[in-house]
Amino acid sequence: MTSQLPAIVTVLTLILLFATLTMVGRARSRYGIKAPAVSGDPAFERVWRVQMNTLESAVMFIPALWLASQYADPLWAGIAGLVWLAARVWYAMAYSRDASRRGPAFILSLAAWAALMVMSAGGIGMAIMENNAP
């Protein structure tokens, strides 16, 4: 199970991305924002930014998750991934209600991503050193 944790986190991340997409679709209907417009009612704009920010963050998160899983430890990578995921859900809920309340969730998700990057870089560095050892 622990070696599958990064895969589970990835599936949950895809579900989160779909949920933010759905939130934007509902907000478009509720506030009468016709595509391709992305401005209008502030409530719509917050939901749209949640989707875009989550998508942008996921682009950096998913490779870091898998590199940390491959080169460091799948359990610890998965745990950091769960922290990132929980923080992004918190971020989405906070930002949707009041943009000024998104900060702590953003910082936590950034810290989880940074932990994955440290695991990735350390693991890759160790693999390089092992392959170059005499």
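These lines cover the structure that appears in this document, whether it is placed above or below. (Residues numbered from 1 in each chain as written. Predicted model: local features only at pLDDT ≥ 70, side-chain atom pairs only at ≥ 80, totals over all residues. Heavy atoms only, no water.)

**What to know about the overall build of the protein chain**
A count of helical and extended segments in the protein chain gives four helices and zero strands. The N-to-C order of helical and strand elements in the protein chain reads α-α-α-α. Along the first, second and third principal axes, the C-alpha atoms of the protein chain reach 65 × 25 × 25 Å. Within the protein chain, buried positions represent 35% of all 134 residues. Pairs at least 24 residues apart make up 66% of the contacts formed inside the protein chain by residues separated by at least 6 positions. For the protein chain, the exposed surface amounts to about 7700 Å²; the carbon and sulfur share of it is 69%. (Helix = DSSP H or I, 4+ residues; strand = E, 2+ residues; numbered from the N terminus. Buried < 20%, exposed > 50% of the residue type's maximum accessible area, 1.4 Å probe, protein only. Contact = heavy atoms within 4.5 Å. Areas by Shrake-Rupley, 256 points an atom, 1.4 Å probe, with all protein chains shown as cover.)

**So, the packing of helix H1 (residues 5-31) against helix H3 (residues 74-97)**
In contact at an axis separation of 8 Å, H1 and H3 are set at 15 degrees when each is read in the N-to-C sense. Judged by the inter-axis angle, H1 sits roughly parallel to H3. The two elements H1 and H3 cross, and the hand of that crossing is left-handed. Across the interface between the two elements, Leu5, Pro6, Val9, Leu12, Thr13, Leu16 and Met23 from H1 touch Pro74, Leu75, Gly78, Ile79, Gly81, Leu82, Trp84, Leu85, Arg88, Val89 and Ser96 from H3. Class assignment of the residues belonging to the contact of H1 with H3 gives a composition of 13 nonpolar, four polar and one charged. (Axes fitted to C-alpha atoms, helices over the stretch in contact; angles between N-to-C directions. Parallel < 35°, antiparallel > 145°, perpendicular 65-115°, else oblique. Left-handed = near helix turned anticlockwise from the far one by under 90°. Nonpolar A, V, L, I, M, F, W, Y, C, P; charged D, E, K, R; others polar.)

**Some thoughts on the nonpolar core**
Ranked by internal contacts, the top residues of the largest apolar core, which has 16 residues, are Phe61, Leu65, Trp84 and Leu116. The set of elements that each furnish at least two residues to this core consists of H1, helix H2 (42-71), H3 and helix H4 (103-132). Looking at this core element by element, the count peaks at five residues for H2. When sequence neighbours within four positions are dropped, the list of residues in contact with Leu116 reads Phe61, Ala64, Leu65, Ala68, Ala77 and Ala80. (Core = buried A, V, L, I, M, F, W, Y, C linked by side-chain atoms within 4.5 Å.)

**Structural notes on the packing of aromatic side chains**
A complete count under the given rule lists two aromatic pairs for this structure. Considering the side-chain rings of Phe61 and Trp84, the 3.8 Å spacing of their centres and the 5 degrees angle between planes classify their relative orientation as stacked. Placement of the pair is Phe61 in helix H2 and Trp84 in helix H3, with a sequence separation of 23 residues. Residue classification places Phe61 among the buried residues on the basis of a relative accessible area of 0%. The ring of Tyr91 is capped by Arg88, whose NZ or CZ atom sits 4.1 Å from the centre of that ring. (Phe/Tyr/Trp six-rings, centres within 6.5 Å; stacked < 30°, edge-to-face > 60°. Lys NZ or Arg CZ within 6 Å of the ring centre and 35° of its normal.)

Any functional reading would require information beyond the geometric quantities listed.
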